[in-house]
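Below, each chain spelled out in residue letters.
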Amino acid sequence: RSRHVVIRRTRTPAWTACVGVTGKVWFSTPYDGEEARVSAKKFARLVKTRCYTQARFKDYRMSTAISIYNTGFKVDVETLADEIRVKAGELSGVHGRVEILSAERGTLLCRVEPGCASVQVFHTGTVKAYRCRSRAEAQAAVERMLPAIARHG
């Protein structure tokens, strides 16, 4: 039996909300910052006017940002992982330390410091950054990895 309901809006501003039985709402949108907050407020007004007038919405916060990039070239993930292991996470051209979390089946998952962003590199050339607090932090994490990724493309 389902313990939540999913509501999706496809028109601009697009968003998806998942409401649990406890009343907690997980809200996702392709926007960042103020645009994301406004989208969440529009959803809150929708619930308040159509479903439950006593609903209270508080504690809005950005929990995570996910960004996906395409390098335009294939990446030799195995040699990239070997370089990170050999150089103990100190890659030339990369500002900060890189720690491998997993490397298997054409995918490399690593944590990029400073910060706590995780960057996943696929052999197809797709790079995904997540566990970031903002789009800017995700972009910075990918940009720190790009010199090493480009050497193995």
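Structure: see above.
Residues numbered from 1 in each chain as written. Predicted model: local features only at pLDDT ≥ 70, side-chain atom pairs only at ≥ 80, totals over all residues. Heavy atoms only, no water.

A. Structural detail: the overall build of the protein. Summing up its helical and strand segments, the protein has three helices and eight strands in all. Ordered by position from the N terminus, the helices and strands of the protein form the series β-β-β-α-β-α-β-β-β-β-α. Relative to the compact-globule value of 15 Å for 153 residues, the protein shows a C-alpha radius of gyration of 19 Å, a clear excess of over 25%. Expressed as a percentage of contacts within the protein between residues at least 6 apart in sequence, the contacts between residues at least 24 apart total 44%. A total accessible area of about 9,900 Å² is found for the protein, and carbon and sulfur atoms account for 53% of it. Both charge centroids of the protein, one from 27 positive and one from 14 negative side chains, sit 15 Å from each other. (Helix = DSSP H or I, 4+ residues; strand = E, 2+ residues; numbered from the N terminus. Rg over C-alpha atoms; globule rule 2.2 N^0.38 Å. Contact = heavy atoms within 4.5 Å. Areas by Shrake-Rupley, 256 points an atom, 1.4 Å probe, with all protein chains shown as cover. Lys, Arg positive; Asp, Glu negative; His and termini not counted. Charge placed at Lys NZ, Arg CZ, Asp CG, Glu CD.)

B. View of the sheet that holds strand 2 (residues 15-20). A sheet is described by the order of its strands in space; here three strands give the open sequence 1-2-3, paired in antiparallel fashion. The sheet terminates laterally at strand 1 (4-9) and strand 3 (25-28), the two strands that pair on one side only. Sheet twist, expressed as the average angle between the axes of neighbouring strands with direction ignored, equals 15°. (Pairing = 2+ DSSP bridges. Axes fitted to C-alpha atoms, helices over the stretch in contact; angles between N-to-C directions.)

C. Looking closely at the pattern of salt bridges. Across all of its chains, the model carries three salt bridges by this definition. Arg37 serves as the salt-bridge partner of Glu34, at 2.6 Å between the closest nitrogen and oxygen. Here the residue Glu34 and the residue Arg37 both occupy positions in helix 1 (residues 34-50), the gap between them amounting to three residues, near one helical turn. Residue Arg37 is classed as partly exposed on the basis of its relative accessible area, which comes to 29%. Taking the shortest distance from any N to any O, the salt bridge between Glu99 and Arg111 comes out at 3.4 Å. Here Glu99, found in strand 5 (residues 98-104), pairs with Arg111, found in strand 6 (residues 107-112); they are twelve residues apart in sequence, far enough to count as distant. (Salt bridge = Lys/Arg side-chain N within 4 Å of Asp/Glu carboxyl O. Buried < 20%, exposed > 50% of the residue type's maximum accessible area, 1.4 Å probe, protein only.)

D. Quick peek at the environment of Leu146. In this fold, Leu146 is placed in helix 3 (residues 135-151). What makes Leu146 partly exposed here is its relative accessible area of 35%. Residues Leu146 and Val127, spaced 19 residues apart in sequence, show a C-alpha to C-alpha distance of 9.4 Å.

E. How the structure looks around the sheet that holds strand 5. Reading across the sheet, the five strands line up as 4-8-7-6-5 and stay open at both edges, with antiparallel pairing between neighbours. Edge positions in the sheet fall to strand 4 (65-70) and strand 5, since each of these pairs with one other strand and no more. When the angles between neighbouring strand axes are averaged without regard to direction, this sheet yields 15°. Relative to the sheet, helix 2 (residues 77-86) contacts strand 5, strand 6 and strand 7 (117-122), its axis offset from that of strand 5 by approximately 145°. Set on the sheet, helix 3 makes contact with strand 4, strand 5, strand 6, strand 7 and strand 8 (126-132); between it and strand 8 the angle comes to about 140°.

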